[in-house]
Amino acid sequence: MAAIGIASTGDWLALLIICAQLVAVALLIFAVLKYRWFYVALMTVRRDIKGGYRYAKILFSIGRAQRYNESVISLFDKNVKKHPNKVCFYFEEEVWNFRDVDEASNRVANYFASQGLKKGDCVSVFMENRPEYVCVWLGLSKIGIIPALINFHLRLQPLKHSIEVAKSKALIFGRELGGAIQEVVDLGLVSDLPLFATGKLEQDSVIIKNSLDLDSELDKSPITPPKLTEKINFTDKLLYIYTSGTTGLPKAAIIKNSRFLFFTMGIHNFMGISKNEVIYDPLPLYHTAGGMLGVGQALIFGCTAVLRRKFSARAYFKDCAKYNCSAAQYIGEICRYLLSTPPSPDDKNHHIRMMFGNGLRPQIWETFSKRFNIKTISEFYGATEGNCNIINIDNHVGSVGFISMIAPFIYPVTLIRIDEATGEPIRDPKTGLVMRCKPDEPGELVGKIIENHPVREFEGYADSTATTKKIVRGVFNRTDAVFRTGDVLVMDEFGYFYFKDRTGDTFRWKGENCSTAEVEAVVSNVCGLKDAVVYGVEIPGADGRAGMAAILDPEETVDMSSLAAGVTRALPSYARPLFVRVVKQIDMTGTYKMKKIDLQKDGYDVTRVSEKIYFFTGGKYVLLDNELYSKIQNCEVRV
């Protein structure tokens, strides 16, 4: 009987446990159905823990650098002393170890110090990719001079503006770009500015009168560390990197040592890059991605970087195999170019374990990963000057990054609603605060500004007016300020962000942000000051938006040959309008701004537009007919 009693008690206990489990499951199901937040939290907690741990490592690293007043220069010096003979850069058949880079940059520092330049002065750098490029700006930075890294595609007025806006005291240019400098000199745009030429004389090189041979001067300059009159600090300005935004011509974004370190440490820790990594970096060194994120891994962490003069799709994975690379960089266009190459044994004959960059289209993500056997792709989003950089750490296809939905306050970035017609934030009439977007609703990405914070600070531009235009107030509360990225993103309910488009007067083509105001000015001048409006249009099979211009010309007097020659001479290839529409009228706003929304919706669709549209191909504009339009739509014409 006792045995029976004990068994019965055990049965009751088992039954109670089962009932408790059923109730728990029922409560969980109820919570999931009733409160979606619990489900989202359950699905994202593992990602958030992983991201939170890595973010904590970044904050610790950047906090330590701030506490000990470290700079890019001081951390690079530590790597030189630690492993002077380790390879810092591979370039073509050249091998540069850390000692080589240090000594070359010391020559630059000592020479320009002898010329009377001092901490806080600016020197523009206009060169194509090569290790000497890094040595030049690094050497200038060693004595506190701020290098302004100018896009080597720029010509004429944009080039002049870039030199002037940074208040440059001198210009260092590569001899391969002598022709561009001569055009500027002929127009008297850089008169009285000291010019220093560097690099090999090529067959088509243009020799600039009154320019100084920098290479011969550097040969006589000592390789010993320069004597500093002022210490280089964590919060000091390090570089100007140019960004094209909604105000027209390129803006010189201020990159402090703190920002360079944060960007570099962020990528290093979030991606789990090791100090023994060999990173393939074929991107322009004037650009944040190539010049900071790639080169920074070598300067700050002692990695090895492979540099290339110009990107080549056919050579990409051959180079990766040749230099035994384990990580590689990309922009969206690079991935599309790589996929368009014929299949080859080189596709998988490499040791790349990860790739990182921005702009990879979701439509080709998995195809790209599978064909080239890339296990980890870390897509990120970040503006050079911005404070709301995000990254994809878990291979979530199509996403450019995430924020935690469990604890969103840890990283205060959000999407805000924008008036499509004016580009201005939409405010709640009751509270006066800017209205934030709901999940799956497109909006402009903004980040909360916290002054003197190494992560949340917005340092702005060399031009204070441009800085003011990128700030909006009253988003999280009535007194706050946020940085406007100028980009439209979408966030799903799990906190994943997806890039959608550019806002305002910019479009992105061939991996470059293009200012419509700049292109409009060129087109208008070439056409005899006719009204012109420029906007971006989507093309099937291509990333970003190509430029399209609508020209007010009721009598159709515009010479398309002259227009083609003019935009070719004055604009880099990615900024030239791919399509031109000749219109009889352009609607204006009440403030006399030309409307472009309806024109952008029409695009280059000749089946719905009765006016003439021209297509830029082979260096000239040809009339776009139904047959050519169909070929473009079917991806039969290369753009």
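Scroll up a little and you will see the structure.
What counts and how
- Residues numbered from 1 in each chain as written.
- Predicted model: local features only at pLDDT ≥ 70, side-chain atom pairs only at ≥ 80, totals over all residues.
- Heavy atoms only, no water.
- Core = buried A, V, L, I, M, F, W, Y, C linked by side-chain atoms within 4.5 Å.
- Buried < 20%, exposed > 50% of the residue type's maximum accessible area, 1.4 Å probe, protein only.
- Helix = DSSP H or I, 4+ residues; strand = E, 2+ residues; numbered from the N terminus.
- Pairing = 2+ DSSP bridges.
- Right-handed = clockwise from strand over helix to strand, strands pointing away.

Draft legend 1. Representation of the nonpolar core in the model. The biggest cluster of nonpolar side chains holds 123 residues, and the ones touching the most others in it are F89, F112, F126 and W137. If one sorts the elements of this core by residue count, helix α9 (residues 257-271) sits on top with eight residues. Grouped together as the second largest cluster of nonpolar side chains are 48 residues, L156, V534, A564 and V580 included.

Draft legend 2. Highlighting the sheet that holds strand β10 (residues 278-281). Taken in spatial order, the eight strands make up an open sheet running β2-β1-β11-β10-β12-β13-β14-β15, and their pairing is mixed. Each having just a single partner strand, β2 (94-97) and β15 (390-391) make up the two edges of the open sheet. In this structure, β10 lies alongside strand β11 (residues 304-307), joined through four bridges in parallel fashion. Paired with D281 across the two strands is L307, which belongs to β11.

Draft legend 3. Broad picture of the pairing of strand β25 (residues 546-552). Summarising burial for β25: six of the seven residues are buried, a large majority. Where strand β24 (residues 532-537) meets β25, six bridges bridge the pair, whose relative direction is antiparallel. Its bridge partner lying in β25, Y535 is registered against M548. Note: β25 against strand β26 (residues 579-583), five bridges, orientation parallel. What sits directly across from A550, in β26, is R581. In this view, the connection linking β25 to its parallel neighbour β26 by way of helix α16 (residues 560-570) has right-handed handedness.

No statement about biological role is implied by the geometric values presented.
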